[in-house]
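Working through the structure, step by step
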Amino acid sequence: MSNDFPWDLLAWQPNSQQLQQLQELQLLLRHWNQQLNLTRLVEGPDYWIGQVFDSLWPLQPWLTGELSGATCAQKFSVVDVGTGGGFPGLAIAIALPNAQLTLVDSVGRKLEAVGAMAKELGLGERLSLRCERAEKSGRERSCRGQFQLAVARAVAPAAVVAEYLVPLLAPNGTALLYRGQWSAANQAELIEIARQLKAEAGEPRAIELPEGKGQRHVIPLTPVAACPTTYPRAVGIPAKQPLRPAP
Ligand SMILES: C[S@@+](CC[C@H](N)C(=O)[O-])C[C@H]1O[C@@H](n2cnc3c(N)ncnc32)[C@H](O)[C@@H]1O
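Quick look at the structure, then.

Conventions adopted
Residues numbered from 1 in each chain as written. Predicted model: local features only at pLDDT ≥ 70, side-chain atom pairs only at ≥ 80, totals over all residues. Heavy atoms only, no water. Helix = DSSP H or I, 4+ residues; strand = E, 2+ residues; numbered from the N terminus. Expected span 1.5 Å × (residues − 1). Buried < 20%, exposed > 50% of the residue type's maximum accessible area, 1.4 Å probe, protein only. Phe/Tyr/Trp six-rings, centres within 6.5 Å; stacked < 30°, edge-to-face > 60°. Disulfide = S-S within 2.5 Å. Salt bridge = Lys/Arg side-chain N within 4 Å of Asp/Glu carboxyl O.

All right, on to helix α3 (residues 44-56) then. With 13 residues, α3 extends 17 Å from end C-alpha to end C-alpha; this agrees with the ideal 18 Å at 1.5 Å per step. Taking burial as the measure, the 13 residues of α3 include 10 buried ones, the bulk of the element.

Right under this line is the structure:
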């Protein structure tokens, strides 16, 4: 599948080392999946489209250099919240060689496997792992307000993910909410919720994944001022009482 991968749709192509790393990551996932239930998406198009393409397409402006930061020499810090088996974080670490990745997940066994895979792939030095809840990361001095890019895929409803990601953003940062279906009503609600976090929800981008893997959306959030210190709320509260548009 890596030979007929639709790189043209990404307007970006991996170099030979990056392609090798993506192929090796598939082998490592197969290996770790025997011990842990890391992910179902390991074989053929499930891996190449469902994991690699799905992880990378929202980053197209950074991959192509249209948005600066990731391709230049300066530090470009990215956080993947709820990384699970390592996506989109590991794919991003491979695709953006200047990025420093922080991967957050509350499940230690998964993070240990992700750390071992990253080491095998030679990514260890650009990666740090935080085994904790995102609500805690958002209140840690070393994380709050530190990241140029904050991403989360398949972690929680959009309102919850917005509360996890926005506090982590540097003033010039962007959060990318990876979503499946997305309606105008979802967007109107997110705009209101982002306002409470002192952020702005940008235009959603949509794509039909190749190989009939379904429709995806990505919604950018950018800070307009410092996120109020009341967010993120205590562990568990964002998911139990998701932010709602003010009445
Ligand atoms: C369905 S998995 C998705 C994993 C990966 N992002 C992907 O797309 O394949 C959701 C992950 O988010 C983690 N998670 C959910 N809420 C979290 C929170 N508040 N803090 C840290 N991790 C969280 C879970 O432990 C789980 O590993």
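And the narrative resumes.
Attention now moves to the packing of aromatic side chains. Under the definition given, this model contains 6 aromatic pairs. Between Phe 5 and Trp 7, the ring centres sit 3.7 Å apart and the planes meet at 35 degrees, which makes this aromatic pair tilted. Phe 5 sits in the buried class, given a relative accessible area of 5%. On the basis of relative accessible area, Trp 7 is assigned to the buried category, the value being 7%. Measuring from centroid to centroid gives 5.9 Å for Trp 7 and Trp 12, while their planes differ by 75 degrees, and the two rings are edge-to-face. These aromatic residues form a ring-pair network of at least three members: Phe 5, Trp 7, Trp 12, Tyr 47, Trp 48, Phe 53 and Phe 87.

This paragraph deals with the state of the cysteines. Under the defined criterion, the tally for this structure stands at 0 disulfides. Left unpaired, Cys 131 is separated from the closest cysteine sulfur, that of Cys 143, by 13 Å. There is no disulfide at Cys 227, and the cysteine sulfur nearest it, in Cys 143, is 14 Å away. Classification of Cys 227 as buried rests on a relative accessible area of 12%.

What follows concerns the pattern of salt bridges. If you walk through the whole model with that rule in mind, you get 11 salt bridges. Across the pair Arg 233 and Glu 163 runs a salt bridge whose closest N-O atoms are separated by 2.7 Å. Highlighted residues: Arg 233 in the loop between β8 (215-223) and α10 (237-240) and Glu 163 in helix α8 (residues 158-165), separated in sequence by 70 residues. Residue class for Glu 163 comes out buried when judged on its relative accessible area of 0%. Of the charged contacts, one joins Glu 192 and Arg 195 as a salt bridge, the two residues approaching to 3.0 Å between their closest N and O atoms.

The analysis is restricted to geometry; functional conclusions fall outside its scope.
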